[in-house]
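So the chains spell out like this:
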Amino acid sequence: MGDLHAGSLAARRVIAGASGFLVTAVAVVTLGFLASGEQRGLPLWFHAMAWWSAALTVVLALAAPLLNERVLRAGAGAAVASYLAVVALFPVAAEAGQVDRMPWLLTASSAGVAAALVAAGPGLGWVTVALAAVAGVVYRLRFGGFDLDGVVNDAHALLTAAVICALGGFVLSSGRGLDAAAAARRKAGERESAERGRLAARTRTAALVHDEVLATLSLAASAVAVPLDRLAAQARRAALMVTRLSHEESEDSWPLEAALAREARRHDALFAARVEGPVQVSDPVREAIVGACRQALGNAVRHAEDASRTVTLTVHDATIEVVVADEGAGFEVSDIAADRLGIRHSIVGRMARVSGGSAEVQSGHGTGTRVVLRYRPDPGPEMDAATEGRPRGRALVLLAAGFVALQVLCAVAAALAAPESWARQAVLLAVVLLAAPLMWSARRATPSWPRAAAITAVVVGGTVGAVWTAPFSYGPLWPVVALAFFLVVLALRGRTGTAMGGALLIAVVIAVRGVLDGAPVGQTVQLAARPTVIVVVAVAMLLVVARMRRRIAALHREAVIAAENESWSRAARVELSRRTDELVQTVVPLMERIGAARPASEQQRREYAAWEGRLRDELRAGGLSREPLRSAVGAARGRGVDVVLLDDSGEVVDEQVLVAVLAWMAAAVGEARRDVVGRLHPPHRAMQASIAVDGRVSLFDGALTAPPPPR
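Anyway, here's the lowdown on the structure attached to this text.

Analysis parameters
- Residues numbered from 1 in each chain as written.
- Predicted model: local features only at pLDDT ≥ 70, side-chain atom pairs only at ≥ 80, totals over all residues.
- Heavy atoms only, no water.
- Core = buried A, V, L, I, M, F, W, Y, C linked by side-chain atoms within 4.5 Å.
- Buried < 20%, exposed > 50% of the residue type's maximum accessible area, 1.4 Å probe, protein only.
- Contact = heavy atoms within 4.5 Å.
- Helix = DSSP H or I, 4+ residues; strand = E, 2+ residues; numbered from the N terminus.
- Pairing = 2+ DSSP bridges.
- Axes fitted to C-alpha atoms, helices over the stretch in contact; angles between N-to-C directions.
- Phe/Tyr/Trp six-rings, centres within 6.5 Å; stacked < 30°, edge-to-face > 60°.
- Expected span 1.5 Å × (residues − 1).
- Arc of directions from axis to C-beta.
- Lys, Arg positive; Asp, Glu negative; His and termini not counted.
- Salt bridge = Lys/Arg side-chain N within 4 Å of Asp/Glu carboxyl O.
- Parallel < 35°, antiparallel > 145°, perpendicular 65-115°, else oblique.
- Left-handed = near helix turned anticlockwise from the far one by under 90°.
- Nonpolar A, V, L, I, M, F, W, Y, C, P; charged D, E, K, R; others polar.

### Let's talk about the nonpolar core
At step 1: Counting residues in hydrophobic clusters, the biggest one holds 91 residues, and the most contacted among them are Ile15, Leu72, Val171, Trp478, Ile510 and Val535.
At step 2: Every residue in contact with tryptophan 478, bar those within four places of it in the chain, is listed here: Val152, His156, Gln407, Cys410, Ala411, Ala414, Gln425, Leu428, Leu429 and Val432.
At step 3: Membership of the second largest hydrophobic core comes to 28 residues, among which are Ala264, Leu313, Val361 and Val371.

Written out as structure tokens, the structure is:
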């Protein structure tokens, strides 16, 4: 479930589980009716259909964790179809069985609505709610049952189904929100990682060119006498390193410890590791640490060839530390020239470009040198849905309006059934409606503890009043279920513990009244079932959704990080291959010629000097050393124009912006007659790039198109 549809699938599994629980509760109540002799007029085939529909829903709920989304939705569709078939065929069964009063047929509508949500989302869920409501009215008109119990049951069944539909819609929205957030983060992360991968490859080749190739070309072009054998050895080493770099992509997947040990062996250094558990890092982090270690070892070999060298890897509390040390003469760190890529760019800069990475160079005259590389992972990309964590908006308003209308209907029906109770019904309705403003005022935030306690007190107090003043039957006790819905809203507002406590108190009040009246246990359970079940289902779904969001967010983080790693590796391989191919075609032949240990002619020295200048310019150009700007610069230099390109960005530049800058600068360079200075600015500058052509300066302000400088 690590793909980018994990949230949607998990949400449907949660709702499928709720559907199974609801239909199981209905089945228990129905068995009580059957045991008491009710609902016996329906034919056996209809009972078989109803039990088949219930069994299918329960089996789907139990199997949901093992099913993929397509199969789960298909199974839920079958469950919805079977439920609707039971409702649609009731008239046929009632005629055949000579039923003169419709039973509590729509009690299971909430389970059918939940299955509809799994199958096709809130649209089908609300359609199922509407069909159940219409069927209830039509069938009671045709077959009777418009008594108080029937009206109250259907009203509360309809309200329960509507609450389940709204709550399930939120669950689905939460899952989709997580998936959408993951998709957006993945897209942005892949783009950013690709840029960092390209930058890492450029940094790696730049360090090699700077510290191996340029030094060799500079000596070869110098008129100062240099021992040919020593120069030839240096050139052969440079050619070997370029060739080796062009074949190193296959080693990108080496574990960090193995990669560091390999670099230590290559540079004749001792390697030691103090590791707590497995070391797992992303491709960008591994490349940065290994690359910085390689550069530090290379510096140690060049400047302290005869001194001993060590590489020590330490992993403790998720922090990775690599220390590269030598016992050479050392140097003053403050004396490092600003243009030394080996330390400033290839070690310190390389680690700084990794989130959580850093590097420190410790040295002094006569004290040797220590390069300390550190990495501590950040928490990773945050992943969350755009929803606030609870239903809101139009569905909540419709539910509130429907709730008030249905409770007024129940109160009127109770007053008509027992005219002498109209005063009691008015008081109970007033208590119910009194709690509504308390809940509505807290609809946008979690109620404070005093407010939550006040709401719970109203709910429990109203329940006590209804239970002790009305006959112990479902219809007259309509306020109990009505008040229980306020506990559902309280749970939706974040007070799940308070809601469960209130539901428990309601069950206790009903149980005490049943025991004192000597009512059958089955009747007491039936009266307590709906108010407690609806609260338990709502709280359970909310708790499961909270857990689901955390789990799916973690899975999405893993998927996004994996995608970023793949994007980084792919871009790094392509860029490294492109740059090393260029070096193999241009630089390696020069190194091989110098490596032959033959004296260079004056023309060859000029050629070496020209290549040294060109490569040094390209190092300074950084990200600007790409087409079409490269060709434009070559043509301008052919006309005698002095061109300098500087990349001072210091970090990843958005690819779209960089492409626009390259095209903009290429057009400007094409107009130059004397000199050009193009520059990528440091980060956080208002202008991302500038170019001076023959003394006239133009700025690139981030737009994808910008006019070239005037002639």
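Text resumes after the structure shown.
### Here we look at the environment of arginine 598
At step 1: By the secondary structure assignment, arginine 598 is in the loop between helix H17 (521-595) and helix H18 (602-621).
At step 2: Since its relative accessible area comes to 60%, arginine 598 is described here as exposed.
At step 3: For the pair arginine 598 and alanine 232, spaced 366 residues apart in sequence, the C-alpha to C-alpha distance is 8.5 Å.

### Focus on unusual backbone geometry
At step 1: Not every positive phi belongs to a glycine, and alanine 597 is a case in point at roughly 65°.
At step 2: Of note, alanine 597 is situated in the loop between H17 and H18.
At step 3: Residue alanine 597 is classed as partly exposed on the basis of its relative accessible area, which comes to 32%.
At step 4: In the Ramachandran plot, aspartate 694 falls in the positive-phi region, its phi being about 55° despite a non-glycine side chain.
At step 5: Given a relative accessible area of 8%, aspartate 694 falls into the buried group.

### Focus: the sheet that holds strand S6 (residues 642-647)
At step 1: With mixed pairing, the 4 strands of this open sheet are ordered in space as S6-S7-S8-S9. With one partner strand each, in any of the chains shown, S6 and strand S9 (696-700) form the two edges of the open sheet. Each strand of the sheet is rotated relative to its neighbour by a mean of 10°, with strand direction disregarded.
At step 2: Pairing of S6 with strand S7 (residues 675-680) involves 6 bridges; the strand directions are parallel. Note on S7: the bridge partner recorded for valine 643 is valine 676.

### A word on the sheet that holds strand S3 (residues 319-326)
At step 1: On the basis of which strands lie adjacent, the open sheet formed by 5 strands has the order S1-S2-S3-S5-S4 and mixed pairing. At either end of the open sheet lies a strand with only one pairing partner, and these are strand S1 (270-275) and strand S4 (357-363). Strand-to-strand twist in this sheet, taken as the mean axis angle between neighbours without regard to direction, amounts to 10°.
At step 2: Of the strand pairs in this sheet, S1 and strand S2 (residues 309-316) are connected by 6 bridges, and their pairing is parallel. Each bridged residue has a counterpart across the sheet, and for alanine 273 the counterpart in S2 is leucine 313.
At step 3: Helix H9 (residues 256-266) rests against S1, S2 and S3 of the sheet, and its axis sits at about 160° to S1.

### Examining the packing of aromatic side chains
At step 1: Evaluation of the coordinates by the stated rule reveals 4 aromatic pairs.
At step 2: Taking 6.0 Å as the distance between ring centres and 85° as the angle between the ring planes, the aromatic pair formed by tryptophan 45 and phenylalanine 46 counts as edge-to-face.
At step 3: Overall, the relative accessible area of 36% leaves tryptophan 45 in the partly exposed class.
At step 4: In this structure phenylalanine 46 comes out as buried when scored by relative accessible area, which is 3%.
At step 5: For the ring pair phenylalanine 90 and tyrosine 139, a centre distance of 5.4 Å and an interplane angle of 35° mean the geometry is tilted. Taken together, the residues span a long stretch of sequence, with phenylalanine 90 in helix H4 (residues 90-97) and tyrosine 139 in helix H6 (residues 122-143) at a distance of 49 residues.
At step 6: Taken together, the aromatic side chains of Trp45, Phe46, Phe90 and Tyr139 make up a single cluster linked through ring pairs.

### Thoughts on H6
At step 1: For H6, with 22 residues, the first-to-last C-alpha span of 31 Å sits near the 32 Å given by 1.5 Å per residue.
At step 2: Turning to H6, its buried residues are Gly125, Thr128, Val129, Ala132, Ala135, Gly136, Tyr139, Arg140 and Phe143. Considered in projection along H6, the buried side chains sweep an arc of 135° and stay on one side of the axis. Residues Val134 and Leu141 are exposed on H6 and point more than 90 degrees away from its buried face.

### A look at the side chain of aspartate 326
At step 1: Checked against the element boundaries, aspartate 326 lands in strand S3.
At step 2: Of the side chains bearing the opposite charge, arginine 309 lies closest to the buried aspartate 326, which forms no salt bridge; the N-O distance is 7.3 Å.
At step 3: Once residues lying within four places of it in the same chain are set aside, the contact partners of aspartate 326 are Ala300, Ala304, Ser308, Arg309, Gly368 and Thr369.

### Regarding the packing of helix H14 (residues 449-469) against helix H16 (residues 496-517)
At step 1: Interaxial distance between H14 and H16 falls to 10 Å at its minimum, and their mutual angle equals 15°. On the basis of the axis angle, H14 is roughly parallel to H16. As for how H14 packs across H16, the hand of that crossing is right-handed. In contact with Trp449, Ala452, Thr456, Val459, Val460, Thr463, Val464, Val467 and Trp468 of H14, H16 contributes Thr498, Gly502, Leu505, Ile506, Val509, Ile510, Val512, Arg513 and Leu516.
At step 2: Class assignment of the residues belonging to the contact of H14 with H16 gives a composition of 13 nonpolar, 4 polar and 1 charged.

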